[in-house]
Amino acid sequence: MTNTIPVYDPRGVVEAAPMTTAPRVKKLEGLRLGLLDNTKWNANKLLRGVRDRLAEKHAFSAVNYYRKENFSLAAAPALIAEIAANNDIVITAIGD
């Protein structure tokens, strides 16, 4: 009689289609900057600092601030669509 113990592999399998990255912008002047806060404790502080440093050197036409509902969940599709429609470039931060 052989005793066996089932062992589970916690790594799982990730299947994702490869994606290309967006082309880099040539200049920041006149662009609409979006900032996406993931709602972790220091994300807001980090994003404000990045915004302020960039604004010292670049004249954005607009700076738009967004917040996810929950840091552990993906941003809602409607929020992603709004960000994509109203911004030329976007920065997000974890801020933990």
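Above this note sits the structure.
Residues numbered from 1 in each chain as written. Predicted model: local features only at pLDDT ≥ 70, side-chain atom pairs only at ≥ 80, totals over all residues. Heavy atoms only, no water.

Novice: Is there a simple way to explain the overall build of the protein chain in this structure?
Specialist: Scanning the protein chain from N- to C-terminus turns up two helices and three strands. Secondary structure of the protein chain in N-to-C order comes out as β-α-β-α-β. Against the globule reference of 12 Å for 96 residues, the protein chain gives a C-alpha radius of gyration of 20 Å, more extended than a compact globule. Overall size of the protein chain, expressed as C-alpha extent along the three principal axes, is 75 × 30 × 25 Å. Relative to its 96 residues, the protein chain shows a buried fraction of 22%. Across the protein chain, every contact between residues at least 6 apart in sequence was considered, and the portion connecting residues at least 24 apart equals 78%. Looking at charge distribution, the protein chain has the averaged site of its 13 positive side-chain charges lying 6 Å from that of its 10 negative ones. (Helix = DSSP H or I, 4+ residues; strand = E, 2+ residues; numbered from the N terminus. Rg over C-alpha atoms; globule rule 2.2 N^0.38 Å. Buried < 20%, exposed > 50% of the residue type's maximum accessible area, 1.4 Å probe, protein only. Contact = heavy atoms within 4.5 Å. Lys, Arg positive; Asp, Glu negative; His and termini not counted. Charge placed at Lys NZ, Arg CZ, Asp CG, Glu CD.)

Novice: Explanation requested: the sheet that holds strand β2 (residues 62-67) in the structure shown.
Specialist: Across a sheet, strands are paired by hydrogen bonds formed along the backbone, either parallel or antiparallel in direction. Overall, parallel pairing links the three strands, which are arranged β2-β1-β3 in an open sheet. With partners counted over all chains shown, the strands left at the sheet margins are β2 and β3 (89-93), one partner each. Within the sheet, the average angular offset between the axes of one strand and its neighbour, ignoring direction, is 20°. Note that strand β1 (residues 32-37) and β2 share six bridges and pair parallel. Paired with L36 across the bridge in β2 is Y66. Contacting β1, β2 and β3, helix α1 (residues 43-57) runs over the sheet at an angle of about 140° to β3. (Pairing = 2+ DSSP bridges. Axes fitted to C-alpha atoms, helices over the stretch in contact; angles between N-to-C directions.)

Novice: Just checking my understanding: could you explain unusual backbone geometry for this structure?
Specialist: If a residue is not glycine, its phi is most likely negative; likewise, a peptide bond is most likely trans. Its identity is not glycine, yet T39 carries a phi of approximately 75°, on the positive side. Structurally, the position occupied by T39 is in the loop between β1 and α1.

Novice: How do you make sense of the pairing of β1 when you look at a structure like this?
Specialist: A regular strand places its side chains on the two faces of the sheet in alternate fashion. Counting buried positions along β1 yields five of six residues, so the element is predominantly enclosed. Bridge count between β1 and β3: five bridges; the pairing is parallel. When the sheet's bridge partners are listed, D37 is paired in β3 with A93.

So, to be careful, I would describe these as geometric facts and stop short of saying anything about function.
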